[in-house]
Every structure is written in C-alpha cells, then in structure tokens.
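Each chain, written out:
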Amino acid sequence: MSLTPTACTNPHASELQRLDSAHFIHPFTDHGDLATRGSRVIERAEGIYVWDSEGHRMLDGMSGLWCVNAGYGRKELAEAAYQQMLKLPFYNSFFQTTNEPAVRLATKLASLAPAVSGPTGNWRFDHVFFSSSGSESNDTNVRMVRRYWDLKGQPQRKVIISRHNAYHGSTMAGASLGGMSGMHAQGDLPIPNITHIGQPYFFENALPGESEADFGLRAARWLEEKILELGADKVAAFIAEPVQGAGGVIIPPATYWPEIQRIVDQYGILLVSDEVICAFGRLGHWFAYEKFGYRPDLVTFAKAVTSGYIPLGGVMVGGRVAQTLIDQGGEFNHGYTYSGHPTACAVALANLELMERENLPGRVKDDIGPYLAQRYAELNDHPLVGVAETCGFVAGLVLVKSKTRGADGRMQLFPEDLAVGMKCRAHCFKNGLIMRAVGDRMIIAPPLTMTHAQIDELVGLIRQVLDLTLAELKAAGHWG
Ligand code: PMP
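From a predicted model like this one, the values you see are computed outputs, not experimental measurements.

The rules we used
Residues numbered from 1 in each chain as written. Predicted model: local features only at pLDDT ≥ 70, side-chain atom pairs only at ≥ 80, totals over all residues. Heavy atoms only, no water. Helix = DSSP H or I, 4+ residues; strand = E, 2+ residues; numbered from the N terminus. Contact = heavy atoms within 4.5 Å. Polar contact = N/O pair within 3.5 Å; in protein donor to acceptor, adjacent residues only side chain to side chain. 1 Å grid on protein atoms, 1.4 Å probe; cavity = no way out; pocket = protein on both sides within 12 Å on 5 of 7 lines; lining within 4 Å. Points joined across faces, edges and corners; volume = space filled by probe spheres on them. Nonpolar A, V, L, I, M, F, W, Y, C, P; charged D, E, K, R; others polar. Near = heavy atom within 4 Å. Areas by Shrake-Rupley, 256 points an atom, 1.4 Å probe, with all protein chains shown as cover. Phe/Tyr/Trp six-rings, centres within 6.5 Å; stacked < 30°, edge-to-face > 60°. Lys NZ or Arg CZ within 6 Å of the ring centre and 35° of its normal. Pairing = 2+ DSSP bridges. Axes fitted to C-alpha atoms, helices over the stretch in contact; angles between N-to-C directions.

Caption draft 1: Seen up close, the environment of Ser273. Here Ser273 shows up in strand E10 (residues 270-274). Sequence separation between Ser273 and Tyr309 is 36 residues, and the spatial gap between their C-alpha atoms is 23 Å. Leave out the neighbours within four places in its chain, and Ser273 touches Ala240, Pro242, Tyr289, Tyr294, Pro296, Leu298, Val299 and Thr300. Polar contacts involving the side chain of Ser273 include one to the side chain of Glu275, which spans 2.7 Å. Reaching out from Ser273, the side chain makes a polar contact with the side chain of Tyr294 at a distance of 2.6 Å.

See the structure below:
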C-alpha cells in the first residue's frame, strides 16, 4: 500500500531523494512505490533519537534495525575504528595470519558465552567463526552442521528443520532457513534439505481454551513429529530464534524451549540458536540461550556485537562441534574476506567493554526490562490492542477489530487489505516515533540505554498513535 509522500522542503534533501530513486536499490523495497513517495532522508542521531532532513526528531523504537543497543553518538566506538584504521585497517586471516583485535574479540566472546551442561554432555563456547552479517553467519552454520555430520560418519544427516515465519537472513541459505513465504516465492527457495514446522505463536495458533503452557508443549512437539516423519537419521539440526524478531516479536510460552531441548537430546540432533537479535543484552543476558536455559551447539550473532556501528557477525561454536571440526576436520573450506576484520573487531571490543561498564544486559534484566513490561502492559486497556507483551527489551502488540472472542476462541482481526499496521506506522512517523509493523503486529526493540522517563515518553507516544489510528478507522467507517 502507498503511504503519504515524504516531501522534502530542503533542496539538498530533495536532490538526495532524486538520486536515491535513480540509483539506489533498497533492500526489501517496492521501487515503483518508493519512487512515487520518495525516501525519508535520515541525517543524524544521538542517544535514542534520529533526525530526518526536515529536522523532525523521532524516538528510534527499533534501534536502527535491532542493532544500536548502546544508542547513537558513542564517540568511543568511532575512536576505536579511527585508531584501528590508522594502525591496521584490514588484513585477512586466511594464510596463517591473524590480528590482535580479532584474537582479543574471540577471547572476549568466549568469556561472555556461558558454558552448558546436560544429558548429552558439557561444553563451552571457546571458539568463534567471524563473518560480516547474520545471513553469512547462517550460511556458515549450514556448512558447519553438514561438515560435522560428514566427519561423524553420518553424511545422510542433511536436513535442517526451521520454522514458518522465522527470519534467518537473505542469502540463499539464510532465506531458505527462514520461513518467510514471500521470500521463498522468489528465487526458487528453499534450497534442498531445509524444511519448516509451525511457530510457537500462542495468540494466533492456540486452540479454543488451550492454556499457554499446553500450547508451548504442543508447538515444540511439531519438531518431534517432523523428525519422525523424516527419520531421525536424516536430520542434522534444528535452527530457531530464541524470540522471533522480524516475524513480529513472537515470544514462545515458557514450556516451549525445555521441550525443544528434550527433543533434540532424544534424537541427537544439533541445536542452532540464531541470536542475531536476541544476544548482547536484548533479552537481559549476553546470550539468550542462558535466559531460556537451553543448550545450543552453535549460536549465530551479528548486529549488536558492534551496536551496528560497523558490520560484523559470526558463530559461537560449542565444544561438541568445535572438537570434531578442529580435531578431526583438517581444512574447513569456508571463509570470508572479512572474517576477523581488524577494524570491525576493534569496534566490537570497544562496544562490549562499554556494555559491560554500563551493565546494559543487567539493566534490561533487573531495571528497564521490568519497567517496560509494566508500562507496556497498561496498553492492554486500549480498544485496539488484542495483546501487548514484552520480553526483555523487545515488545509486540496486536491490533484487533474486536477483543470479544468468537466461537473459535479468537479475537476478531482486521481484514488484511485494510493494512491497519501500516496506517498505525504512518501515524508513528508523523508523531516522532519509529515502530515497525509486521502485518497488524506493531513491534519495538529500543536501545538498551533508555531511562525510565524515556520509557514513559515511548509508551505515551504509542498510546497517542493508537488513538490516532482508532480515530482514522472510525472516520473511515471501519470501527464498531
Ligand atoms: N537472523 C536473524 C534472527 C535476524 O533477525 C537477521 C536480520 N534481521 C538475520 C539473521 C540476518 O542478518 P543480516 O541482515 O545481518 O544478514
């Protein structure tokens, strides 16, 4: 659907809009539509706010794209990049060479990732493979998982199970692992040996009268059913986000992850935790598997490892896989030019030090996370809100046409073509708030530096845009 044109009054910005439309192919964008509306030119940022070319200040409820966990304007991150660029901007790690920032960052990450122990063994995350993004890291996971099973003498274990509506990136492997039907529809995806089960979305998928706990168990057992359908000896791994992000902040019931762990243990398959969004304090821990208490073999990270100041991603490799790959594997024929990029690693180190000093994961766990949860829950009284929920410092709310449950036990949703989420998002932009719409789920993932007063401001803005959306729906005859 088309939004209101983004008129630029400033001639410099108008020229940028023209050039943007002429030359820049944006990710996930309908260019015909964009050309008629024009891009919003974002000029600068400080703390939790960004400013566009017209001087409008917006509270960035999405931390850029789930990444600016430390907030904007952190001079020490710019300084770390500057100093490293002067000393050694780049060198590769392919031919028996290494560099200090990459070594120090791998060591630091190994110290931050908690060890795990359970019936299938105890292991640490002492090894890190570096990439430049979440997508590349998940490509690495596919290579590592399959290589692992080859080395274990079980090359028939090829299938990786993921979930519908998961997001794991946009490369061929990343988009295949992801469960976005719109992405699969372009480019002949998924690639072979990747399959999907349902997501643990209680609001949408629970049966009438089913408790959240029972639904969590039922959703986890879809994995068991799929393993049995395929044959356990064919299954290599299960990959999942601890809390689904791009799919709309889908927070699994508390019973989900323990049951998933039971199943992967029982059938001896690897578990990949895609923490591209959830790591580095987002859920109140350095790594989200700690929060939910499960034991992954591989952990994907990217985004907030540098608070988004420079691209960097990677995979934390658990002992069970690392020992096989390193001790028995010989050469692993995989790597990227920028694996262990010195400047990116230097920025990540400075960012992790900053997060440690300011105790950002701890603040989310004990202070601002609970405060956001309390303030967010108040939004449940709004007539448009079916449910408003948070987990650490991510939150989602569903816009509904009526809270009264029908015979199927569900609240009444708006017709899809009304695009109510997009209407709400337009009100957000007009009123100085960046919130994302996934269908009619409005989601946020704000910087972890927010004060209580800023959380009050955020929740006040959300209530204001909900009121405006409701007024628009009423005026157009779509309400009541
Ligand atoms: N995995 C998850 C869970 C993500 O949220 C994302 C990006 N939003 C990716 C992978 C892909 O990361 P990137 O865009 O850096 O390739």
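That covers the picture; the talk isn't over yet.
Caption draft 2: Region of interest: the layout of surface pockets. Computed from the structure, the second largest pocket encloses a volume of approximately 780 Å³. Around the second largest pocket sit 28 residues that line it, and Ser93, Val128, Phe129, Phe332 and His334 are the ones nearest its centre. Residues of the lining of the second largest pocket, tallied by class, amount to 14 nonpolar, 12 polar and two charged.

Caption draft 3: Molecular detail of the site of the ligand. Every residue close to the ligand is listed here: Ser133, Gly134, Ser135, Asn138, Tyr167, His168, Gly169, Glu241, Asp274, Val276, Ile277 and Lys303. Contacts to the ligand include Gly134, whose backbone N or O atom sits 3.0 Å from an oxygen atom. Here a nitrogen atom of the ligand sits 3.0 Å away from a polar atom, N or O, in the side chain of Lys303. Protein chains shield 84% of the accessible area of the ligand, which is 400 Å² for the free molecule. The leading source of residues in the shell around the ligand is helix H6 (residues 134-151), at three residues. Partitioning the shell around the ligand into residue classes produces three nonpolar, six polar and three charged.

Caption draft 4: Structural view of the packing of aromatic side chains. Following the criterion strictly, the structure yields 17 aromatic pairs and no others. With a centroid separation of 5.7 Å and 55° between ring planes, the pair formed by Phe94 and Phe95 is classed as tilted. Through a chain of ring-to-ring contacts, three or more aromatic side chains come together here, namely Phe125, Phe280, Phe287, Tyr289 and Phe301. Between Arg57 and the ring centre of Tyr49, over which it is positioned, the NZ or CZ distance is 3.7 Å. The ring of Phe292 carries the charged tip of Lys291 above its face, separated from the ring centre by 5.9 Å.

Caption draft 5: The arrangement of the pairing of strand E3 (residues 57-60) in detail. Note: strand E2 (residues 49-52) against E3, three bridges, orientation antiparallel. The partner of Tyr49 across the bridge, within E3, is Leu59. What sits between the antiparallel neighbours E2 and E3 is a turn of four residues, in which Gly55 has the positive phi angle 85°. As judged from the two bridges shared by E3 and strand E15 (residues 433-434), these two strands associate in the parallel manner. Note that in E15 the partner of Leu59 across the bridge is Leu433.

Caption draft 6: How the structure looks around the sheet that holds E2. One open sheet accounts for four strands, arranged E1-E2-E3-E15; its pairing is mixed. Where the open sheet ends on each side, the last strands, each with one partner, are strand E1 (42-46) and E15. Alignment of E1 against E2, held across four bridges, turns out to be antiparallel. Pairing of Ile42 across the sheet is with Asp52, part of E2. Helix H18 (residues 452-475) contacts E2, E3 and E15 of the sheet and is inclined by roughly 105° relative to E3.

Read these as geometric descriptors, not functional statements.
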